[in-house]
Amino acid sequence: CTLSLGWTHGEGTPLGYTPHMAQEIVAVTNTLKQHVTLAASAMHLYATPTSTRNELLRHFSQQDETTRGRRTLTLWGPAPFLVRRWFRRLPRDTTYVDVAAASWKAEFAAWYIALWRLLGYHDVRLL
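Now for a description of the structure that goes with this document. (Residues numbered from 1 in each chain as written. Predicted model: local features only at pLDDT ≥ 70, side-chain atom pairs only at ≥ 80, totals over all residues. Heavy atoms only, no water.)

## Focus: the nonpolar core
Working step 1: Grouped together as the largest cluster of nonpolar side chains are 28 residues, with contacts concentrated most on Leu 45, Leu 56, Leu 73, Leu 75, Val 83, Trp 86 and Phe 87.
Working step 2: For this core, the secondary-structure elements that each account for two or more residues are α1 (19-30), β2 (35-41), α2 (42-47), α3 (50-61), β3 (71-78), α4 (81-87) and α5 (104-118).
Working step 3: When residues of this core are assigned to their parent elements, the largest contribution, 5 residues, is made by α2.
Working step 4: With near-sequence residues (within four places) excluded, Leu 45 lies in contact with Tyr 17, Ala 40, Arg 53, Leu 56, Leu 57, Leu 73, Leu 75 and Trp 86. (Core = buried A, V, L, I, M, F, W, Y, C linked by side-chain atoms within 4.5 Å. Buried < 20%, exposed > 50% of the residue type's maximum accessible area, 1.4 Å probe, protein only. Helix = DSSP H or I, 4+ residues; strand = E, 2+ residues; numbered from the N terminus. Contact = heavy atoms within 4.5 Å.)

In structure tokens form, the structure reads like this:
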């Protein structure tokens, strides 16, 4: 049995997950003994501030003796080119992907985020 946790997204939802969201889901999953997957929007996870995204990736993608086989990451939703290129570098044994083509707006947003990160702004959020 796998417990799939994540967040809902609707019209007007800011891109990316906040540090508070990440801290809460990490705290909840630390108390669980069964298999848990973080069902994350590929675009939202890509747009998450770098330090917060890395915290989520460490928690759900990197396994240690106590979590081996109990945590995975499932990416879903529209995924622009840059997002696909990014998630191809994630561990294949703990990452599952169910994505679709992205709209031109999502493609633009991904390039916009990448440009600001290239300039050294790693906590860019689009509202």
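Let us keep going from here.
## Examining the sheet that holds strand β4 (residues 95-100)
Working step 1: Overall, parallel pairing links the 4 strands, which are arranged β1-β2-β3-β4 in an open sheet. This sheet does not close on itself; its edge strands, each paired only once, are β1 (2-6) and β4. Geometrically, the sheet is characterised by an average inter-axis angle of 20 degrees between neighbouring strands, direction not taken into account.
Working step 2: Examined bridge by bridge, β2 and β3 share 6 bridges and lie parallel to one another. Along β3, the bridge assignment pairs Ser 41 with Trp 76.
Working step 3: Packed onto the sheet, α1 meets β1, β2 and β3 and runs at close to 165 degrees relative to β1.
Working step 4: Helix-sheet contacts for α3 involve β2, β3 and β4, and the interaxial angle to β3 is about 125 degrees. (Pairing = 2+ DSSP bridges. Axes fitted to C-alpha atoms, helices over the stretch in contact; angles between N-to-C directions.)

## Observations regarding the side chain of Thr 52
Working step 1: One can find Thr 52 in helix α3.
Working step 2: Owing to a relative accessible area of 3%, Thr 52 belongs among the buried residues under this scheme.
Working step 3: When neighbours within four sequence positions are excluded, Thr 52 is seen to be in contact with Tyr 17, Thr 18, Pro 19 and Ala 22.

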